[in-house]
Amino acid sequence: VQQLRQEVSVLKEKLHKESQERKTFCHQTDVDLTQLRSDHIKGVEEMKVSFATSLHQLNTLLQDEMRDRRAEGSLRDTREAGEKSERESQNEQIKTVVEDNKLAFFSTRDDIYKQLSNLTHDIEMIATALCKVKQAKGTLSKDPNRPDFCARARASHRGASALLELLF
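Calculation criteria
Along each chain, numbering runs from 1 in the same order as the chain's sequence is written. Per-residue local features are limited, in this predicted model, to residues with pLDDT of at least 70; the limit for side-chain atom pairs, both in listing and counting, is 80 or more; totals at the level of whole chains, interfaces and linings are taken over all residues. Think of the side-chain values as coming from all heavy atoms in the structure, minus any hydrogens and water. Here a salt bridge means any side-chain nitrogen of Lys or Arg lying within 4 Å of a carboxyl oxygen belonging to Asp or Glu. Segments assigned H or I by DSSP are reported as helices when at least four residues long, segments assigned E as strands when at least two residues long, and all are numbered from the N terminus. Whether a residue is buried, partly exposed or exposed follows from its accessible area with a 1.4 Å probe, protein chains only, as a fraction of its type maximum: under 20%, in between, or over 50%, in that order. N or O atoms closer than or at 3.5 Å make up a polar contact, with two conditions inside protein: a donor-capable atom paired with an acceptor-capable one, and, for residues adjacent in sequence, both atoms drawn from side chains. Within the patch definition used here, like charges are joined within 9 Å and nonpolar side chains (Val, Leu, Ile, Met, Phe, Trp, Tyr) within 5 Å, considering only residues with over 30% relative accessible area and no salt bridge. Surface exposure here means Shrake-Rupley accessible area, sampled with a 1.4 Å probe, where a residue is shielded only by the protein chains that are shown.

**Focus: the pattern of salt bridges**
- A full pass over the atoms with the stated rule returns six salt bridges.
- Residues Asp 64 and Arg 67 are paired through a salt bridge, measuring 2.4 Å at the closest nitrogen-oxygen approach. Taken as a pair, Asp 64 and Arg 67 lie in helix H1 (residues 2-141) at a separation of three residues, close to a single helical turn.
- The exposure class assigned to Asp 64 is partly exposed, which follows from its relative accessible area of 27%.
- Given a relative accessible area of 48%, Arg 67 falls into the partly exposed group.

Here it is as structure tokens:
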């Protein structure tokens, strides 16, 4: 019986020791699991924060790019509108200059025609006067070899140059 008691006592001690070891092991496992869970949660949270930060940065970059493209499009549209307006104003200026030149041309042409008409009239008046003088001289001198100057001038109707040609 004594021996059995000792064995029971040794077994109780071993059991108590084994129980302590298992409790320590369980406690250590529990602490390790808690630490692991904490590290895992911390890692997941860090990953979430990192992902959120990356997502925010990407969103900011996309918004900046969209704003830049809109601004670029707006600048391009403004530049093209300015160039178009400039071309239209240049076109209007050219049209105005061409119209002014046409008016000047037609005015000058009309002045030249008028002056030529006046010159032709003046030369015809001079030729008529010379004809009268020539006829008066012809009647005084009665030269039969000389043809009638005034009749030839009237018959030709070639203008002032024909009269000048016949006179000289």
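**Some points on the environment of Ser 89**
- Following the sequence through the fold, Ser 89 ends up in helix H1.
- Judged by its relative accessible area of 35%, Ser 89 falls in the partly exposed class.
- Among the polar contacts listed, one links the side chain of Ser 89 to the backbone oxygen of Glu 86, at a separation of 2.8 Å.

**What about a nonpolar patch on the surface?**
- The grouping of Phe 51, Leu 55, Leu 58 and Leu 62 at the surface amounts to a nonpolar patch, some 420 Å² of accessible area in total.
- Note that Leu 55 resides in helix H1.

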